[in-house]
Amino acid sequence: MGNIKESKVITCEKCQSLVASRNQIVNGAGKIDAEVLFIGEGPGKEEDLSGKPFMGRSGKVLDRSLENNGIKRSGIRITNCVRCRPEGNRNPSKEELFNCKGHLYEEIHIVDPGLIVTLGKVSSEHLLGREVKVTEESGKIELIDISGTMRSLLICIHPAATLYNPKQKIIFESTIAKVSEWIMMKKLPGMDYDD
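Here the structure is a predicted model, which is why all the values come from computation and not from measurement.

Basis of the calculations
- Position numbers for residues count from 1 along each chain, tracking the sequence in the order it is written.
- For a predicted model such as this one, the threshold for reporting local features is a pLDDT of at least 70, and the threshold for listing and counting side-chain atom pairs is 80 or more; totals across whole chains, interfaces and linings nevertheless cover every residue.
- Water and hydrogen atoms were dropped before computing side-chain values, which therefore reflect all heavy atoms in the structure.
- Helix axes are fitted to C-alpha atoms over the stretch in contact, other axes to C-alpha atoms as well, and angles between N-to-C directions run from 0 to 180 degrees.
- Secondary structure elements are taken from DSSP: a helix is a run of H or I of four residues or more, a strand is a run of E of two residues or more, and numbering for both begins at the N terminus.
- For classification purposes, an angle smaller than 35 degrees is called roughly parallel, one larger than 145 roughly antiparallel, one from 65 to 115 roughly perpendicular, and anything else oblique.
- Contacts were defined at the residue level, with two residues in contact if any of their heavy atoms lie within 4.5 Å.
- Under this grouping Gly is polar, as are all residues other than the nonpolar Ala, Val, Leu, Ile, Met, Phe, Trp, Tyr, Cys and Pro and the charged Asp, Glu, Lys and Arg.
- Summary of the burial criterion: residues with accessible area below 20% of their type's maximum are buried, those above 50% are exposed, and those between are partly exposed, where the area comes from a 1.4 Å probe applied to protein chains only.
- Positive charges come from Lys and Arg, negative ones from Asp and Glu, while His and the chain ends are left out of the count.
- For this document, the term salt bridge refers to a Lys or Arg side-chain nitrogen within 4 Å of an Asp or Glu carboxyl oxygen.
- Polar contacts, as counted here, are pairs of nitrogen or oxygen atoms within 3.5 Å of one another; within protein the pair requires one atom able to donate a hydrogen and one able to accept it, and residues that are adjacent in sequence qualify only if both atoms are side-chain atoms.
- The rule is simple: put a 1 Å grid over the protein atoms alone, call a set of points where a 1.4 Å probe fits but cannot get out a cavity, call an open set with protein on both sides within 12 Å along at least five of seven lines a pocket, and count a residue as lining if it has an atom within 4 Å of a point.
- Grid points are joined across faces, edges and corners, and a volume is the space filled by probe spheres set on the points.

### Observations concerning the packing of helix H4 (residues 94-111) against helix H5 (residues 121-128)
Link 1 in the chain: Contact pair H4 / H5: the axes reach a minimum separation of 12 Å and the direction vectors enclose 80 degrees. In terms of axis orientation, H4 runs roughly perpendicular to H5. Across the interface between the two elements, Leu-97, Phe-98, Lys-101, Leu-104, Tyr-105 and Ile-108 of H4 pack against Val-122, His-126 and Leu-127 of H5.
Link 2 in the chain: Looking at the contact of H4 with H5, its residues break down into 7 nonpolar, 1 polar and 1 charged.

### What about H5?
Link 1 in the chain: In terms of residue burial, H5 counts as a mostly covered element, since 6 of its 8 residues are buried.
Link 2 in the chain: All of the buried residues along H5 are Val-122, Ser-123, Ser-124, His-126, Leu-127 and Leu-128.
Link 3 in the chain: Looking at the buried side of H5, the elements it contacts are strand E4 (36-40), H4, strand E6 (115-119), helix H6 (134-137), strand E7 (141-146) and strand E8 (149-156).
Link 4 in the chain: Remark: Gly-129 follows H5 within two positions and exhibits a positive phi of approximately 70 degrees.

### Section: the side chain of Glu-47
Link 1 in the chain: Mapped onto the elements of the fold, Glu-47 is located in helix H2 (residues 45-50).
Link 2 in the chain: Of the buried charged residues, Glu-47 lacks a salt bridge, with Arg-85 as the closest side chain of opposite charge at 6.9 Å.
Link 3 in the chain: A polar contact is formed between the side chain of Glu-47 and the backbone nitrogen of Gly-44, at a distance of 2.9 Å.
Link 4 in the chain: Contacts of Glu-47, omitting those with residues within four sequence positions, involve Val-26, Lys-52, Pro-53, Phe-54, Met-55 and Gly-56.

### Concerning the environment of Pro-166
Link 1 in the chain: As for its placement among the helices and strands, Pro-166 is situated in the loop between helix H7 (159-164) and helix H8 (167-186).
Link 2 in the chain: Here the alpha-carbon distance between Pro-166 and Glu-46, two residues 120 residues apart in the chain, equals 23 Å.

### Things to note about the layout of surface pockets
Link 1 in the chain: If you add up the space inside the largest pocket, you get close to 550 Å³.
Link 2 in the chain: Around the largest pocket, the lining is made up of 24 residues, and of these Gly-44, Ser-58, Asn-89, His-158 and Ala-160 lie nearest the centre.
Link 3 in the chain: Counting only elements with at least two residues in the lining of the largest pocket, the list comes to H2, helix H3 (57-68), H5 and H7.
Link 4 in the chain: Of the volumes computed, that of the second largest pocket is approximately 150 Å³.
Link 5 in the chain: Considering the residues around the second largest pocket, the lining is formed by Pro-92, Ser-93, Lys-94, Leu-97, Phe-98, Val-122, Glu-125 and His-126.
Link 6 in the chain: Those elements that place two or more of their residues in the lining of the second largest pocket are H4 and H5.
Link 7 in the chain: Among the residues forming the lining of the second largest pocket, the class breakdown is 4 nonpolar, 2 polar and 2 charged.

This is how it looks when you write it as C-alpha coordinates:
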(Lines give C-alpha, C1' and ligand atoms only; values in the text may rest on other atoms or scores of the structure.)
Protein backbone atom coordinates (compact mmCIF):
# COMPACT_ATOMS: atom_id res chain seq x y z
CA MET A 1 0.00 0.00 0.00
CA GLY A 2 1.13 3.60 -0.54
CA ASN A 3 2.05 5.99 2.22
CA ILE A 4 -1.25 6.76 4.02
CA LYS A 5 -1.46 9.41 6.70
CA GLU A 6 -4.86 10.10 8.22
CA SER A 7 -6.45 8.45 5.19
CA LYS A 8 -4.30 10.43 2.73
CA VAL A 9 -2.27 8.77 0.02
CA ILE A 10 0.93 10.76 -0.26
CA THR A 11 2.69 8.75 -2.94
CA CYS A 12 1.61 5.98 -5.28
CA GLU A 13 2.94 4.90 -8.66
CA LYS A 14 1.11 1.61 -9.19
CA CYS A 15 -0.79 2.78 -12.29
CA GLN A 16 1.76 4.28 -14.67
CA SER A 17 -0.86 5.63 -17.09
CA LEU A 18 -2.59 7.49 -14.24
CA VAL A 19 0.69 8.76 -12.83
CA ALA A 20 1.56 10.15 -16.27
CA SER A 21 -1.75 11.94 -16.74
CA ARG A 22 -2.56 13.21 -13.24
CA ASN A 23 -1.74 16.60 -11.78
CA GLN A 24 -2.01 15.29 -8.25
CA ILE A 25 -3.45 12.54 -6.06
CA VAL A 26 -7.01 13.40 -5.02
CA ASN A 27 -7.71 12.16 -1.51
CA GLY A 28 -11.00 12.05 0.34
CA ALA A 29 -12.29 15.23 1.96
CA GLY A 30 -14.51 16.00 4.92
CA LYS A 31 -14.76 14.68 8.46
CA ILE A 32 -12.24 11.94 9.12
CA ASP A 33 -14.73 10.30 11.50
CA ALA A 34 -17.88 10.95 9.45
CA GLU A 35 -20.87 8.66 9.91
CA VAL A 36 -21.65 8.94 6.18
CA LEU A 37 -19.02 8.25 3.50
CA PHE A 38 -19.85 8.97 -0.16
CA ILE A 39 -17.73 7.07 -2.70
CA GLY A 40 -17.50 7.99 -6.38
CA GLU A 41 -15.49 6.32 -9.13
CA GLY A 42 -12.57 8.71 -9.63
CA PRO A 43 -11.56 12.34 -9.91
CA GLY A 44 -12.47 14.38 -12.99
CA LYS A 45 -10.69 17.39 -14.46
CA GLU A 46 -11.81 19.88 -11.78
CA GLU A 47 -10.92 17.48 -9.00
CA ASP A 48 -7.50 16.80 -10.52
CA LEU A 49 -6.82 20.54 -10.57
CA SER A 50 -8.23 21.35 -7.11
CA GLY A 51 -7.10 18.21 -5.28
CA LYS A 52 -10.58 17.70 -3.78
CA PRO A 53 -13.30 15.20 -4.75
CA PHE A 54 -16.60 16.28 -6.34
CA MET A 55 -15.70 19.88 -7.17
CA GLY A 56 -17.01 20.00 -10.76
CA ARG A 57 -20.55 19.96 -12.14
CA SER A 58 -21.40 16.66 -10.45
CA GLY A 59 -20.17 18.05 -7.15
CA LYS A 60 -22.48 21.04 -7.50
CA VAL A 61 -25.44 18.69 -8.07
CA LEU A 62 -24.43 16.68 -4.99
CA ASP A 63 -23.94 19.84 -2.88
CA ARG A 64 -27.40 21.17 -3.84
CA SER A 65 -29.05 17.87 -2.98
CA LEU A 66 -27.21 17.61 0.34
CA GLU A 67 -28.24 21.17 1.21
CA ASN A 68 -31.86 20.55 0.16
CA ASN A 69 -31.90 17.59 2.54
CA GLY A 70 -30.34 19.44 5.49
CA ILE A 71 -26.96 17.75 5.26
CA LYS A 72 -23.78 19.79 5.66
CA ARG A 73 -20.96 18.74 3.36
CA SER A 74 -18.61 19.49 6.26
CA GLY A 75 -20.36 16.76 8.29
CA ILE A 76 -19.75 13.96 5.78
CA ARG A 77 -16.77 12.52 3.92
CA ILE A 78 -16.43 12.12 0.16
CA THR A 79 -13.84 10.00 -1.62
CA ASN A 80 -13.35 7.94 -4.78
CA CYS A 81 -12.47 4.37 -5.70
CA VAL A 82 -9.34 5.62 -7.45
CA ARG A 83 -7.40 8.69 -6.43
CA CYS A 84 -5.95 9.71 -9.78
CA ARG A 85 -7.86 11.05 -12.77
CA PRO A 86 -8.23 8.55 -15.60
CA GLU A 87 -7.24 10.27 -18.84
CA GLY A 88 -10.23 11.72 -20.72
CA ASN A 89 -12.50 11.09 -17.71
CA ARG A 90 -12.90 7.45 -18.71
CA ASN A 91 -14.02 4.87 -16.17
CA PRO A 92 -11.17 3.40 -14.14
CA SER A 93 -9.98 0.01 -15.41
CA LYS A 94 -10.33 -3.14 -13.30
CA GLU A 95 -6.57 -3.07 -12.74
CA GLU A 96 -6.68 0.57 -11.55
CA LEU A 97 -9.60 -0.20 -9.23
CA PHE A 98 -7.71 -3.19 -7.85
CA ASN A 99 -4.51 -1.16 -7.37
CA CYS A 100 -6.36 1.51 -5.38
CA LYS A 101 -8.62 -0.85 -3.40
CA GLY A 102 -6.20 -0.99 -0.47
CA HIS A 103 -6.22 2.81 -0.19
CA LEU A 104 -10.04 2.86 -0.29
CA TYR A 105 -10.40 0.08 2.29
CA GLU A 106 -7.88 1.80 4.56
CA GLU A 107 -9.90 5.02 4.34
CA ILE A 108 -13.12 3.14 5.12
CA HIS A 109 -11.39 1.54 8.11
CA ILE A 110 -10.09 4.90 9.41
CA VAL A 111 -13.37 6.78 8.87
CA ASP A 112 -15.47 3.84 10.14
CA PRO A 113 -18.75 5.16 8.68
CA GLY A 114 -22.17 3.90 9.69
CA LEU A 115 -23.36 4.33 6.11
CA ILE A 116 -21.49 4.16 2.80
CA VAL A 117 -23.18 5.77 -0.20
CA THR A 118 -21.85 4.62 -3.57
CA LEU A 119 -22.28 7.23 -6.30
CA GLY A 120 -22.77 5.44 -9.60
CA LYS A 121 -22.34 2.07 -11.22
CA VAL A 122 -18.54 1.85 -11.00
CA SER A 123 -18.28 2.40 -7.23
CA SER A 124 -21.37 0.28 -6.54
CA GLU A 125 -20.06 -2.69 -8.53
CA HIS A 126 -16.55 -2.26 -7.14
CA LEU A 127 -17.68 -2.49 -3.52
CA LEU A 128 -20.49 -5.01 -3.98
CA GLY A 129 -18.47 -7.28 -6.27
CA ARG A 130 -21.41 -7.89 -8.60
CA GLU A 131 -23.25 -6.32 -11.51
CA VAL A 132 -25.46 -3.43 -10.39
CA LYS A 133 -28.43 -2.01 -12.29
CA VAL A 134 -27.90 1.32 -10.60
CA THR A 135 -31.08 3.06 -11.84
CA GLU A 136 -33.24 0.16 -10.62
CA GLU A 137 -31.30 -0.40 -7.40
CA SER A 138 -30.72 3.22 -6.36
CA GLY A 139 -32.04 3.69 -2.84
CA LYS A 140 -31.41 0.06 -1.85
CA ILE A 141 -29.31 -0.62 1.26
CA GLU A 142 -27.19 -3.76 1.45
CA LEU A 143 -24.94 -5.13 4.16
CA ILE A 144 -21.43 -5.87 2.91
CA ASP A 145 -18.27 -7.23 4.49
CA ILE A 146 -15.27 -4.93 4.11
CA SER A 147 -12.13 -6.36 5.68
CA GLY A 148 -14.10 -8.36 8.23
CA THR A 149 -16.49 -5.56 9.25
CA MET A 150 -20.13 -5.53 8.18
CA ARG A 151 -21.13 -2.17 6.70
CA SER A 152 -24.36 -0.65 5.39
CA LEU A 153 -24.08 0.45 1.75
CA LEU A 154 -26.68 2.61 0.00
CA ILE A 155 -26.63 2.40 -3.80
CA CYS A 156 -27.12 5.79 -5.51
CA ILE A 157 -26.99 6.92 -9.10
CA HIS A 158 -24.12 9.26 -9.92
CA PRO A 159 -25.01 12.97 -9.74
CA ALA A 160 -23.70 13.36 -13.31
CA ALA A 161 -26.61 11.21 -14.50
CA THR A 162 -28.96 14.05 -13.57
CA LEU A 163 -27.08 16.40 -15.90
CA TYR A 164 -27.67 14.18 -18.92
CA ASN A 165 -31.05 12.70 -18.08
CA PRO A 166 -33.46 14.89 -16.08
CA LYS A 167 -35.55 11.81 -15.19
CA GLN A 168 -32.62 10.62 -13.10
CA LYS A 169 -32.94 13.68 -10.83
CA ILE A 170 -36.00 12.24 -9.05
CA ILE A 171 -34.17 8.98 -8.35
CA PHE A 172 -31.05 10.82 -7.18
CA GLU A 173 -32.97 13.21 -4.93
CA SER A 174 -35.02 10.41 -3.34
CA THR A 175 -31.83 8.45 -2.59
CA ILE A 176 -30.15 11.46 -0.96
CA ALA A 177 -33.38 11.95 1.04
CA LYS A 178 -32.82 8.40 2.36
CA VAL A 179 -29.39 9.50 3.59
CA SER A 180 -31.08 12.37 5.43
CA GLU A 181 -33.63 9.97 6.94
CA TRP A 182 -30.82 7.67 8.08
CA ILE A 183 -29.03 10.63 9.70
CA MET A 184 -32.24 11.75 11.43
CA MET A 185 -32.81 8.26 12.81
CA LYS A 186 -29.29 8.38 14.25
CA LYS A 187 -29.54 12.08 15.31
CA LEU A 188 -25.89 12.54 14.45
CA PRO A 189 -23.97 15.55 15.78
CA GLY A 190 -22.59 18.04 13.26
CA MET A 191 -25.51 17.64 10.89
CA ASP A 192 -28.35 20.07 10.14
CA TYR A 193 -31.79 19.16 11.40
CA ASP A 194 -35.05 20.84 10.44
CA ASP A 195 -36.68 20.26 13.86
